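# Observations on chain architecture
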Amino acid sequence: MNRRVFMAVAAAGAASLGDAQEVPDAIKKLRPMLDGVQPIKDAERRARVDKARRLMRENQLGAIVLESGSSMFYFTGTRWTRDERLFTVVLPAKGEMQWVIAHADDKRAADAIHMDVNVRVAHDDTDAFKALARVLKDCGATRVGIEECVRFAAYDGIRKEAPSLEFTSADAVTAGCRMIKSPAEIALLQRANDITIEAYRAAFTTLREGMTNGELAKNISAAFRALGANGGAMAIFGKYTAFPHGSIAPQQLREGDLVLIDDGVSVEGYQSDITRTVIFGKPTARQRQVWDLERKAQDAALAAANVGTTCESVDAAARDVITRGGFGPGYKVPGLPHRTGHGIGLDGHEWTNLVKGNKTKIQPGMCFSDEPTIAIYGEFGVRLEDCMYITESGAKMFTRQSPAIDQPFG
């Protein structure tokens with residue numbers, strides 16, 4: 001789920017609760033789950049840089065430009081809060097990385113930068129753009145890749161100072177590296193998923209008649225904190241479960257409602273994203289039928305995610321199950337109104353997606369959410385989401401899937 005959407009929904013649902021909500025006993029008993037976590041080492045980051053340079057040569061790029069964000073962290077280990085001043089790094093196809101930062105940040109940057117500490121300090125934006133142009137000229141670049149999160153103002157400033165350069169997307173390099181996870185990254189993703197399941201397990205014990213969805217969301221957030229991680233979750237009840245990203249409408253839990261929770265935590269920057277849909281009380285035959293169909297669709301996507309197959313074929317496998325069950329077709333509601341899955345790693349949503357039209361071949365090390373949804377507006381919706389990683393022998397889930405509508409955990 002998109003975390004911006006989650007924050008808006010959770011804030012609306014919790015608005016009437018204040019800060020005095022009592023932490024339930026099941027959550028008080030939780031203990032941190034971060035023992036043994038191994039951050040990514042600089043040796044692995046250097047290997048990433050070497051791969052990036054190979055991809056730059058293959059795509060005729062002399063350099064790529066990064067601003068603060070996940071890709072900068074991926075290659076350099078540097079985290080930086082983005083503000084109006086430039087904080088950029090140039091990764092050339094040959095030679096060392098070159099940083100261009102604002103003079104006001106040079107002391108703080110000295111603590112943050114620890115790989116290839118080649119820094120040019122600029123006194124204002126104009127000076128920074130000129131410095132970037134000089135760096136690109138010095139490394140011999142004629143064609144430059146711009147990372148997808150670089151702000152237009154930054155790109156525009158560089159372009160004006162270096163009009164002879166050709167600029168293009170850096171996705172072939174950044175996504176080309178980040179889509180394939182190493183064993184160390186898989187281990188961090190595994191821990192994030194383990195923590196999320198434990199938090200959900202504790203939070204589901206707090207369900208009670210009349211509670212608000214905001215109260216449940218707060219319980220999940222409290223569970224994440226108790227387990228040593230930062231995160232939160234969207235919680236929605238009843239007919240509102242049909243909306244994939246929830247609703248700001250006030251909600252109270254009633255007997256017979258479906259309960260849907262979605263999102264996760266970050267461990268050393270690596271994200272989880274898990275959805276559980278469970279009945280509060282006794283399910284109707286209709287609810288059970290739709291839930292079981294959703295689980296079959298999730299299974300179909302998992303089975304289809306094999307090395308060498310296309311991303312769109314995984315989406316088609318899940319969508320076919322839902323269509324044969326009487327919903328859809330395509331993106332029509334009642335049915336599956338969104339892609340079957342997205343890439344996951346340092347961003348909750350990153351390249352590449354399990355969606356129609358994406359002919360990218362699945363490779364070992366790729367990680368995806370597996371989350372087909374059945375949305376029935378006016379009634380309810382069911383989404384089951386677990387994340388999977390691709391091995392030579394097929395897709396493996398980080399978490400055990402829900403076995404039944406009244407059993408959220410395997």
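Residues numbered from 1 in each chain as written. Predicted model: local features only at pLDDT ≥ 70, side-chain atom pairs only at ≥ 80, totals over all residues. Heavy atoms only, no water.

## Quick look at the overall build of the protein
Scanning the protein from N- to C-terminus turns up 12 helices and 17 strands. Taking 410 residues into account, the globule formula puts the C-alpha radius of gyration at 22 Å, and the protein, at 23 Å, falls close to it. Looking at the protein alone, contacts between residues at least 24 apart form 68% of all its contacts between residues at least 6 apart. For the protein, the accessible area works out to roughly 17200 Å², and carbon and sulfur atoms hold 52% of it. In the protein, the 52 positive side-chain charges and the 52 negative ones have mean positions that sit 2 Å from each other. (Helix = DSSP H or I, 4+ residues; strand = E, 2+ residues; numbered from the N terminus. Rg over C-alpha atoms; globule rule 2.2 N^0.38 Å. Contact = heavy atoms within 4.5 Å. Areas by Shrake-Rupley, 256 points an atom, 1.4 Å probe, with all protein chains shown as cover. Lys, Arg positive; Asp, Glu negative; His and termini not counted. Charge placed at Lys NZ, Arg CZ, Asp CG, Glu CD.)

## Examining the environment of Arg286
Checked against the element boundaries, Arg286 lands in helix 11 (residues 285-304). With near-sequence residues (within four places) excluded, Arg286 lies in contact with Phe327, Ile376, Glu379 and Phe380. Within the structure, Arg286 has its side chain in polar contact with the side chain of Glu379 (distance 3.0 Å). (Polar contact = N/O pair within 3.5 Å; in protein donor to acceptor, adjacent residues only side chain to side chain.)

## Observations regarding the pattern of salt bridges
One pass over the full model with this rule turns up 27 salt bridges. A salt bridge links Glu379 to Arg286; the shortest N-O distance between them is 3.0 Å. Pair noted here: Glu379 is in the loop between strand 14 (373-376) and strand 15 (380-383) and Arg286 is in helix 11, with a separation of 93 residues, a long-range link. A residue is classified by how much of its surface remains accessible, and Arg286, at 33% relative accessible area, is partly exposed. One salt-bridge network, in which partners are shared between bridges, spans Asp83, Glu84, Arg85, Asp105 and Arg108. (Salt bridge = Lys/Arg side-chain N within 4 Å of Asp/Glu carboxyl O. Buried < 20%, exposed > 50% of the residue type's maximum accessible area, 1.4 Å probe, protein only.)

## So, the side chain of Glu371
Among the structural elements, Glu371 can be located in the loop between strand 13 (367-370) and strand 14. The exposure class assigned to Glu371 is buried, which follows from its relative accessible area of 7%. Reaching out from Glu371, the side chain makes a polar contact with the side chain of His342 at a distance of 3.0 Å. Discounting chain neighbours no more than four positions away, the residues touching Glu371 are Asp273, His338, Arg339, Thr340, Gly341, His342, Arg383, Leu384 and Glu385.

## Regarding the side chain of Ser272
Summarising the element assignment, Ser272 is placed in the loop between strand 9 (270-271) and strand 10 (274-279). Polar side-chain contacts of Ser272 include one of 2.6 Å to the side chain of Thr196. A polar atom in the side chain of Ser272 sits 2.9 Å from the backbone nitrogen of Val265.

## Side note on the nonpolar core
One broad rule of soluble globular proteins: the nonpolar side chains tend to lie buried together. Counting residues in each nonpolar core, the largest one holds 69 residues, and the members touching the most others are Leu216 and Val259. By residue number, the principal contributor to this core is helix 9 (residues 183-204), which donates 11 residues. If we skip the residues at most four places from it in the chain, Val259 touches Phe204, Leu207, Leu216, Ile236, Phe237, Leu253, Arg276, Thr277, Val278 and Phe280. Ranked by size, the runner-up nonpolar core spans 33 residues in total, among them Leu293, Phe327, Ile390 and Ile405. (Core = buried A, V, L, I, M, F, W, Y, C linked by side-chain atoms within 4.5 Å.)

## A look at the packing of aromatic side chains
By the definition in use, this model includes 9 aromatic pairs. Relative to Phe87, the ring of Trp80 lies with its centre 4.0 Å away and its plane at 5°, an arrangement referred to as stacked. For Trp80, a relative accessible area of 9% gives the class buried. Given the relative accessible area of 2%, Phe87 is considered buried. Three or more aromatic residues joined by ring pairs form one cluster here, namely Trp80, Phe87 and Trp99. (Phe/Tyr/Trp six-rings, centres within 6.5 Å; stacked < 30°, edge-to-face > 60°.)

## Quick look at the sheet that holds strand 3 (residues 98-102)
The mixed open sheet is built from 6 strands, whose spatial order is 4-3-2-1-5-6. Edge positions in the sheet fall to strand 4 (119-122) and strand 6 (166-169), since each has one partner strand and no second. Taken pair by pair, the neighbouring strands of this sheet meet at an average axis angle of 25°, ignoring direction. As defined by bridge partners, strand 1 (residues 63-67) adjoins strand 2 (residues 87-92) across 5 bridges and the pair is classed as antiparallel. In the strand pairing of strand 2, Leu66 is matched with Val89. The sheet strands contacting helix 7 (residues 152-161) are strand 1, strand 5 (143-146) and strand 6, and the helix crosses strand 6 at an angle near 155°. (Pairing = 2+ DSSP bridges. Axes fitted to C-alpha atoms, helices over the stretch in contact; angles between N-to-C directions.)

## Remarks on helix 3 (residues 42-58)
With 17 residues, helix 3 should reach 24 Å at 1.5 Å per residue; the first-to-last C-alpha distance of 24 Å fits that figure. Residues of helix 3 that are buried include every one of Arg45, Arg48, Val49, Ala52, Arg53, Leu55 and Met56, and no others. Mapping the buried residues of helix 3 onto a view down its axis gives an arc of 165°, with all of them on the same face. Tucked inside the fold, the buried residues of helix 3 contact strand 1, helix 4 (70-76), strand 2, helix 8 (171-178), helix 9 and strand 9. (Expected span 1.5 Å × (residues − 1). Arc of directions from axis to C-beta.)

## So, unusual backbone geometry
At the junction of Gly328 and Pro329, the peptide bond is cis and its omega measures out at 5° in the coordinates. Examined against the element boundaries, Pro329 turns out to sit in the loop between helix 12 (311-324) and strand 11 (341-343). In this model, Trp351 is joined to Thr352 through a cis peptide bond whose omega is 5°. For Gln60, which is not glycine, the phi dihedral falls at a positive 55°. Within the secondary structure, Gln60 is located in the loop between helix 3 and strand 1. For Gln60, a relative accessible area of 56% gives the class exposed. If you check the backbone angles, Asp263 has positive phi at about 140° while not being a glycine. Tracing the chain through its elements places Asp263 in strand 8 (residues 258-267).

## Examining the pairing of strand 7 (residues 230-237)
Among the 8 residues that make up strand 7, 6 are buried, leaving the element largely enclosed by the rest of the structure. Note: strand 7 against strand 8, 8 bridges, orientation antiparallel. When the sheet's bridge partners are listed, Ala235 is paired in strand 8 with Ile261.

These results come straight from atomic positions and should not be treated as a statement about function.
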